[in-house]
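Here's the letter readout for the chains.
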Amino acid sequence: MSHSSILIPRPLVRTNQWFIFLSTLATWLSGQTWFLLLPLIAGLLGMFFDYNPIMRAAKLFLKKKPSEYIPEDKDQQQFNQLIAISLLTVGFLSHLMGWSTIAWTATIMVATASFVAILGFCIGCFIRFRWQQYRYKKAQDSN
């Protein structure tokens, strides 16, 4: 993931986080695994085609210009989305295969991460920051 100056307005990121959380909650409450496919497909579209339908729909409701909102870094959001996609995939496939412990673990992790991010702490950001620190330290030690 290279450094880019592309920024995403925070309300769009929050909408995506709410969508992940509520879809996971809907799966738990209804027992309908297909709810996990909604944020999973939206995340895959965003990751591979730069078109997240949830964020695109939310953009229609912005009251200000996108540049007037608190920005979120696109690279960081892509990293976070990769984690969410991975956990949603594991959760969905585990549900299909009847592996309920793995399914619950994966969906609890993605729901917790999205809800905690809504509250203001980004677990994915912390993981990425620590990974970058590790890589920097390793590069320094090899010099």
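Look above for the structure.
Here's what I pulled together on the structure shown here. Remember, predicted model here, so these are calculated numbers, not experimental data.

**Some remarks on the overall build of the protein chain**
Move 1: Broken down by element type, the protein chain carries six helices and two strands.
Move 2: Ordered by position from N to C terminus, the α and β elements of the protein chain give β-α-α-α-β-α-α-α.
Move 3: Along the three orthogonal principal directions, the C-alpha set of the protein chain runs to about 50 × 45 × 30 Å.
Move 4: Considering the protein chain as a whole, with its 143 residues, one finds that 36% of them fall into the buried category.
Move 5: Restricting to contacts in the protein chain with at least 6 residues of sequence separation, those with at least 24 account for 74%.
Move 6: For the protein chain, the accessible area works out to roughly 9,000 Å², and carbon and sulfur atoms hold 67% of it.
Move 7: On the protein chain, the mean spot of the 13 positive side-chain charges and the mean spot of the 6 negative ones are 3 Å from each other.

**Some words on the state of the cysteines**
In a disulfide, the sulfur atoms of two cysteines are covalently bonded to one another.
Move 1: Within the structure shown, the criterion is met by one disulfide.
Move 2: Across the disulfide, Cys122 is cross-linked to Cys125 (sulfur-sulfur distance 2.3 Å). Taking the sign of the S-S torsion, 75° for the link of Cys122 and Cys125, the bridge is right-handed.
Move 3: Given a relative accessible area of 23%, Cys125 falls into the partly exposed group.

**Considering helix H5 (residues 100–119)**
Side chains three or four residues apart in an α-helix point the same way, a direct result of the helix having 3.6 residues per turn.
Move 1: Across its 20 residues, H5 extends 28 Å between first and last C-alpha, which sits within 8% of the 28 Å expected from 1.5 Å per residue.
Move 2: Along H5, the residues classified as buried are Ala103, Ala106, Thr107, Val110, Ala111, Ser114, Ala117 and Ile118. Looking straight down H5, one finds its buried side chains confined to an arc of 130°; they lie on one side. Away from the buried face of H5 by more than 90 degrees, exposed residues Thr101 and Leu119 are located.
Move 3: In this structure, the buried residues of H5 make contact with helix H1 (10–30) and helix H4 (74–97).
Move 4: Gly120, located one to two residues past H5, shows a positive phi value of around 120°.

**Concerning a nonpolar patch on the surface**
Move 1: Taken together, the side chains of Val90, Leu93, Leu96, Met97, Trp99 and Ile102 make up a nonpolar region of the molecular surface, amounting to roughly 570 Å² of accessible area.
Move 2: The dominant element in the nonpolar patch, judged by the number of residues it contributes, is H4, at four residues.

Calculation notes
- Residues numbered from 1 in each chain as written.
- Predicted model: local features only at pLDDT ≥ 70, side-chain atom pairs only at ≥ 80, totals over all residues.
- Heavy atoms only, no water.
- Helix = DSSP H or I, 4+ residues; strand = E, 2+ residues; numbered from the N terminus.
- Buried < 20%, exposed > 50% of the residue type's maximum accessible area, 1.4 Å probe, protein only.
- Contact = heavy atoms within 4.5 Å.
- Areas by Shrake-Rupley, 256 points an atom, 1.4 Å probe, with all protein chains shown as cover.
- Lys, Arg positive; Asp, Glu negative; His and termini not counted.
- Charge placed at Lys NZ, Arg CZ, Asp CG, Glu CD.
- Disulfide = S-S within 2.5 Å.
- Expected span 1.5 Å × (residues − 1).
- Arc of directions from axis to C-beta.
- Patch = residues over 30% accessible without salt bridge, like charges linked within 9 Å, V, L, I, M, F, W, Y side chains within 5 Å.
- Salt bridge = Lys/Arg side-chain N within 4 Å of Asp/Glu carboxyl O.

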